[in-house]
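Report on the structure
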Amino acid sequence: MKLAIVGGGINGLSSAWQLALAGHQVSLFERDKLMAATSSASSKLLHGGLRYLEQGEFRLVREALQERRWWLKKAPQLTRRLPILYPIYADSHRARWQLKVGLWLYDAFAGRRGIGRHRWLTPQQTLRCSPQLKADGLTGAYLFFDGQMDDQKLGLWMAAQCTKAGVQLYENQPVLQLTADGWVLLASGWQQFDRVINVAGPWSQQLLQQSGLPEQPLDLVRGSHLLLPPISRYGHMLEVPGEARIVFVLPYQGNTLLGTTEVRQQLAEPIQCSAAERDYLLTVYNHYFRPAVDSSKVLADFAGVRPLLGGTANASQASREYQLNWQGQLLTVSGGKWTTARALAKQVSRSVAASQ
Ligand SMILES: Cc1cc2nc3c(=O)[nH]c(=O)nc-3n(C[C@H](O)[C@H](O)[C@H](O)COP(=O)(O)OP(=O)(O)OC[C@H]3O[C@@H](n4cnc5c(N)ncnc54)[C@H](O)[C@@H]3O)c2cc1C
């Protein structure tokens, strides 16, 4: 079939690749540069998402852990195994036994070919791994493993797989409108396809709206990160004091990546880290590390918008699952995580095959 994909983020590229491997003739239209939006503003983790276990998202976590292994194996030059500490203090929100259960499940879901099992570290061992962590009240830490990537380069690697598989990739080609019977409006005029796949991430519903098609609810939630000077070669998963949320402090390309936040976003607003988010992140950082840092130490910041399946009041509890929705010959893909892009793409490919 002749297929059009709208959106050159990781989900659009992975879908284009899977569909080309299935023998379709695929054109992908990206309005900007490939991998320039949400997919290059992530926390750079290839992970199952330990915290999603608390929300009972077992299917998603298991799938993401399998996908984590796939990315680490297929692109070792752009990915690595990252040791992460979850320190526990006398006043931590989660008890040690809760973490133990979660990490046991995490390892079990990763399977026998996982990337390393968790273990408990004493306070002394913890501080040897991360000397700037606050020692007061520290009862120890769990050490576990996840994957880390250069999200933009890994996405461009996927673009190269697309090209090899015969996908036509078009940058700076915004899709202005769609129809449910396979028409796509580009600056050069209308083109017809057998199926159109709308994978425009946070903009997928806006595109439906400007095409006069019914929309599905999508919660748009900005997440910001700060880049700070290096502190440790271990990552940290840290509870935000007084909240159920967690924040990551990760070694990244010689510096420290601190994130993220959850702030409702309108598409008309600029996607950038606000002063309030910067303060929030630095406050969490200074709760855990010595010496304290202030804004003058921030080397850079960036922000992206999560396109989450709609309907939850609390963004941190919103599902990271994905959904496919057909309207005639038009398939809209919503939600998802970076790590599960290939699994999402396989489902897109199966759904397109079933629509014939
Ligand atoms: C702060 C933050 C941290 C995250 N951290 C992680 C993490 O560590 N690990 C993880 O697994 N996941 C993470 N995620 C989730 C992950 O980044 C996203 O789920 C994923 O990148 C979404 O990819 P996408 O391709 O759907 O969207 P996008 O990357 O946004 O791609 C959509 C593309 O569509 C294009 N587009 C829009 N409208 C049009 C149009 N009309 N015509 C043509 N093109 C159009 C856009 O320009 C864009 O390039 C994070 C998300 C955020 C926001």
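Throughout, residues of each chain are indexed from 1 in the direction in which the sequence is written. It should be noted that, the model being predicted, local features are given only for residues of pLDDT at least 70 and side-chain atom pairs only at 80 or more, the latter also being counted only at that level, while totals for whole chains, interfaces and linings use all residues. Excluded from the side-chain calculations are hydrogens and water; all other atoms, namely the structure's heavy atoms, are used.

1. Section: the site of the ligand
Throughout, near means a residue has at least one heavy atom within 4 Å of the molecule or strand. Among the 36 residues in the neighbourhood of the ligand, the closest are listed as Glu-30, Thr-38, Ser-39, Leu-45 and Thr-339. Residue Ser-43 places a main-chain N or O atom 2.9 Å away from a nitrogen atom belonging to the ligand. Two N or O atoms count as a polar contact when they lie within 3.5 Å, although within protein this holds only if one can serve as hydrogen donor and the other as acceptor, and sequence-adjacent residues are included solely when both atoms are side-chain atoms. In the model, an oxygen atom of the ligand is placed 2.6 Å from a nitrogen or oxygen of the Thr-339 side chain. In these tables, accessible area is a Shrake-Rupley quantity obtained with a 1.4 Å probe, and a residue counts as shielded only by the protein chains included in the view. Here the ligand loses 95% of its free accessible area of 1000 Å² to cover by the protein chains. Helical segments are the DSSP runs of H or I of at least four residues, strand segments are the runs of E of at least two, and each set is numbered from the N terminus. When contributions to the shell around the ligand are tallied by element, the ones reaching two or more residues are α1 (10-21), β12 (218-228) and β17 (300-309). If one sorts the elements of the shell around the ligand by residue count, β17 sits on top with three residues. Classes in brief: Ala, Val, Leu, Ile, Met, Phe, Trp, Tyr, Cys and Pro nonpolar; Asp, Glu, Lys and Arg charged; the others, Gly included, polar. Grouping the amino acids of the shell around the ligand by side-chain chemistry returns 15 nonpolar, 16 polar and five charged. Shared between two domains, the shell around the ligand holds at least three residues of each, these being domain 1 (2-39 + 152-217 + 319-354) and domain 3 (218-309). Boundaries between domains were set according to an automatic or database domain assignment.

2. Here's the deal with the environment of Leu-99
By the secondary structure assignment, Leu-99 is in helix α3 (residues 96-110). As a C-alpha pair, Leu-99 and Arg-51 span 48 residues in sequence and 9.7 Å in three-dimensional space.

3. With respect to the pattern of salt bridges
For this document, the term salt bridge refers to a Lys or Arg side-chain nitrogen within 4 Å of an Asp or Glu carboxyl oxygen. All told, the structure shown has twelve salt bridges when counted by the stated rule. The partner of Asp-151 in a salt bridge is Lys-44, with the nearest N and O atoms 2.9 Å apart. One end of the pair, Asp-151, is in helix α5 (residues 151-164); the other, Lys-44, is in the loop between β2 (25-29) and β3 (45-46), and 107 residues separate them in sequence. Burial classes: relative accessible area under 20% of the type maximum marks a residue as buried, over 50% as exposed, and values in between as partly exposed (1.4 Å probe, protein chains only). On the basis of relative accessibility, which here comes to 2%, the residue Asp-151 falls in the buried class. Residue class for Lys-44 comes out buried when judged on its relative accessible area of 4%. With a shortest N-O distance of 2.5 Å, Arg-94 and Glu-54 are connected by a salt bridge. Residue Arg-94 is found in the loop between β4 (79-89) and α3, and its partner Glu-54 is found in the loop between β3 and α2 (58-74); the two are separated by 40 residues along the sequence. Each member of the salt-bridge network shares a partner with another, and the members are Glu-54, Arg-94 and Glu-239.

4. Focus: the pairing of strand β6 (residues 138-149)
Buried residues dominate β6, accounting for eleven of its twelve residues. Strand pairing is assigned whenever DSSP detects at least two bridges linking the two strands. The pairing of β3 with β6 spans two bridges and is classified as antiparallel. Bridge pairing in β6 links Leu-46 to Gly-147. By the bridge criterion, eleven bridges tie β4 to β6 in an arrangement that is antiparallel. Paired with Pro-87 across the bridge in β6 is Ala-141. As defined by bridge partners, strand β5 (residues 119-121) adjoins β6 across three bridges and the pair is classed as antiparallel. Bridge pairing links Trp-120 to Tyr-142 in β6.

5. Quick notes on the side chain of His-47
Mapped onto the secondary structure, His-47 falls in the loop between β3 and α2. Among the residues examined, His-47 registers a relative accessible area of 12% and is labelled buried. Within the local environment of His-47, its side chain forms a polar contact with the side chain of Lys-337, the two groups lying 2.9 Å apart. Apart from residues lying up to four places away in sequence, His-47 is in contact with Ala-64, Arg-68, Tyr-106, Asp-146, Lys-337 and Thr-339. The contact definition used throughout considers only heavy atoms, calling two residues in contact when any of these lie within 4.5 Å.

6. Regarding the nonpolar core
Grouping buried Ala, Val, Leu, Ile, Met, Phe, Trp, Tyr and Cys residues that are joined through side-chain atoms within 4.5 Å yields what is termed a nonpolar core. In terms of nonpolar packing, the biggest core is built from 35 residues, with Trp-71, Leu-154 and Ile-197 touching the most fellow members. For this core, the elements supplying multiple residues, two or more each, are β1 (2-6), α1, β2, α2, α5, β19 (330-335) and α8 (341-354). Examining the composition of this core, we find that six residues originate from one element, α1, more than from any other. Those residues in contact with Trp-71 that lie beyond four places of it in its chain are Ile-10, Leu-46, Thr-79, Leu-154, Trp-157, Met-158, Trp-338 and Thr-339. Membership of the second largest hydrophobic core comes to 25 residues, among which are Leu-60, Leu-103, Met-237 and Ile-246.

7. Section: the domain arrangement of the protein chain
You can read the domains of the protein chain as domain 1 (2-39 + 152-217 + 319-354), domain 2 (74-147) and domain 3 (218-309). Taken residue by residue, the interface counts 16 residues in domain 1 and eleven residues in domain 3. With both sides pooled, the region where domain 1 packs onto domain 3 buries about 1100 Å², and carbon together with sulfur makes up 65% of that total. Each of two parts loses accessible area, computed with a 1.4 Å probe, when they are put together; buried area is these two losses added. It is Pro-202, Pro-217 and Arg-320 that lose the most area in domain 1 upon contact with domain 3, and together they represent 40% of the buried surface on that side. Put simply, domain 1 and domain 3 have zero salt bridges between them. Taken together, the links from domain 1 to domain 3 amount to three residue pairs in polar contact (both at pLDDT 80 or more). Contributions of two or more residues to the side of domain 1 that touches domain 3 are made by α6 (204-210), β18 (322-327) and β19.

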